[in-house]
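Residue strings, one per chain:
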Amino acid sequence: MHSIYHGMDQAALDAGYNNSLAVKDSPAILKDFDQRSAALRAEYGQRLDLRYGPAERNRIDYFAGSKPGPLLVFIHGGYWQMRAKETFSFLAAGPLAHGMHVALVGYTLAPDATLTQIVTEVRAGIAWLRQHAGEFGGDVERIVVSGWSAGGHLTALCVDEPGVIGGVAISGIYDLEPIRLCYLNNKLQLSAAEEKELSPLLLPLSPRPLTLMYGSDELAELQRQSEQFGAARNALPGALVPLAQRNHFTILNELAAKDGAITREVCAIAGVA
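Residues numbered from 1 in each chain as written. Predicted model: local features only at pLDDT ≥ 70, side-chain atom pairs only at ≥ 80, totals over all residues. Heavy atoms only, no water.

As a volume, the largest pocket reaches approximately 170 Å³. Contributing to the lining of the largest pocket are 13 residues, with Ala156, Leu157, Asp160, Pro204 and Ser206 lying nearest its centre. Residues belonging to the lining of the largest pocket are distributed by class as follows: nine nonpolar, one polar and three charged. (1 Å grid on protein atoms, 1.4 Å probe; cavity = no way out; pocket = protein on both sides within 12 Å on 5 of 7 lines; lining within 4 Å. Points joined across faces, edges and corners; volume = space filled by probe spheres on them. Nonpolar A, V, L, I, M, F, W, Y, C, P; charged D, E, K, R; others polar.)

Next up on the list: the sheet that holds strand S3 (residues 69-75). Working definition: the strands of a sheet are paired by backbone hydrogen bonds and lie parallel or antiparallel to each other. An order of S1-S2-S4-S3-S5-S6-S7-S8 is seen for the eight strands of this open sheet, with the pairing classed as mixed. At either end of the open sheet lies a strand with only one pairing partner, and these are strand S1 (47-51) and strand S8 (240-243). Averaged over neighbouring strand pairs, the angle between their axes works out to 20 degrees when direction is ignored. Here strand S5 (residues 138-148) pairs with strand S6 (residues 164-170) via six bridges, running parallel. By the bridge assignment for S6, Val145 is matched with Gly167. Each of S3, S5, S6 and strand S7 (210-215) touches helix H6 (residues 150-158); the most contacted strand, S5, lies at about 140 degrees to it. (Pairing = 2+ DSSP bridges. Helix = DSSP H or I, 4+ residues; strand = E, 2+ residues; numbered from the N terminus. Axes fitted to C-alpha atoms, helices over the stretch in contact; angles between N-to-C directions. Contact = heavy atoms within 4.5 Å.)

Right, let's get into unusual backbone geometry. For the bond running from Ala110 to Pro111, omega is 10 degrees, close enough to zero to count as cis. A positive phi angle is found at Trp80, which is not glycine, with a value near 65 degrees. With respect to the helices, strands and loops of the structure, Trp80 is situated in the loop between S3 and helix H4 (93-96). The phi dihedral of Arg83 is positive, around 70 degrees, even though this residue is not glycine. Following the sequence through the fold, Arg83 ends up in the loop between S3 and H4.

Quick look at the pairing of strand S4 (residues 101-105) now. Burial analysis of S4 places five of its five residues in the buried class, the great majority of the element. Alternating residues of S4 divide into His101, Ala103 and Val105 and Val102 and Leu104, and every residue in both groups is buried. Note: strand S2 (residues 59-63) against S4, four bridges, orientation antiparallel. Residue pairing across strands places Tyr62 opposite Ala103, the latter belonging to S4. Relative to S4, S3 is paired through five bridges, and the arrangement is parallel. Within S4, the position partnered with Leu71 by the bridge is His101. (Buried < 20%, exposed > 50% of the residue type's maximum accessible area, 1.4 Å probe, protein only.)

Further remarks concern the side chain of His248. Along the chain, His248 falls in the loop between S8 and helix H11 (253-256). A residue is classified by how much of its surface remains accessible, and His248, at 3% relative accessible area, is buried. A polar atom in the side chain of His248 sits 3.4 Å from the side chain of Asn19. At 2.6 Å, the side chain of His248 and the side chain of Glu218 are in polar contact. Here His248 is in contact with Asn19, Trp148, Ser149, Ser171, Glu218 and Leu222, once residues within four sequence places are set aside. (Polar contact = N/O pair within 3.5 Å; in protein donor to acceptor, adjacent residues only side chain to side chain.)

What follows deals with helix H3 (residues 26-43). Under the 1.5 Å per step criterion, the end-to-end length of H3 is 26 Å for 18 residues, consistent within 8% with the ideal 26 Å. Residues of H3 that are buried: Ser26, Ile29, Leu30, Phe33, Ser37, Leu40 and Arg41. The buried side chains of H3 occupy one side of the element, clustering within an arc of 105 degrees when seen end-on. Projecting away from the buried face of H3 at angles above 90 degrees are the exposed residues Pro27, Ala28, Lys31, Gln35, Ala42 and Glu43. In this structure, the buried side of H3 is in contact with helix H2 (19-22), S1, S2, H4 and H11. (Expected span 1.5 Å × (residues − 1). Arc of directions from axis to C-beta.)

Below you can see the structure in the form of structure tokens.
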């Protein structure tokens, strides 16, 4: 066995980050996400595909609360190379039930964009929301950023953006070294420089509240990513929160539900009941 990373050979490292393979019913779960998202979009579809930049996927879906309130910006996952904001609209239900506004930011996927470009796009989306969300009733001085998987990584990089008061990163990637070394880099094409410049673990740590949440049934490497970053942030505002009996996909139900653990954390940071 030729060790590539932390004693793992190539096959073990590839398997260590393959969430779809690890969760056998992930296709059915994602189909359910799509169906629930379609229902929410039908109910709150007044502001879909708001353009924030020139690229095709530079669009935002905005779901306004029933009254003015803080804004949750959600960044979807898919290892920066899969999925779309539309699959995750259902997540807005939890925060909307507490009077929050919710915006989902789309971005160009690899290999059509580098990770550096993806980060730039998401930051531009947040800046657009800070400029325009007030027109829809969103409090642009109380923005909470959250994201799942690759979106958790992007959340950690965006928590210092103007108007953002804190973040909740869900099952995120905080050290890009194993990503550069495994199958995921076939499309991502991370450079060694990007690995260092875009790994939240290697960057100055934000003093803003950042809660890291992950499922106890996730792959060991995904759990380690959160635990390692949580240890680095131990003295800073936020928390490291493992959620029992949740895998990489089912954890998202904790944001879709009004009383879900992630919904409660987002609301706590935003200062709403």
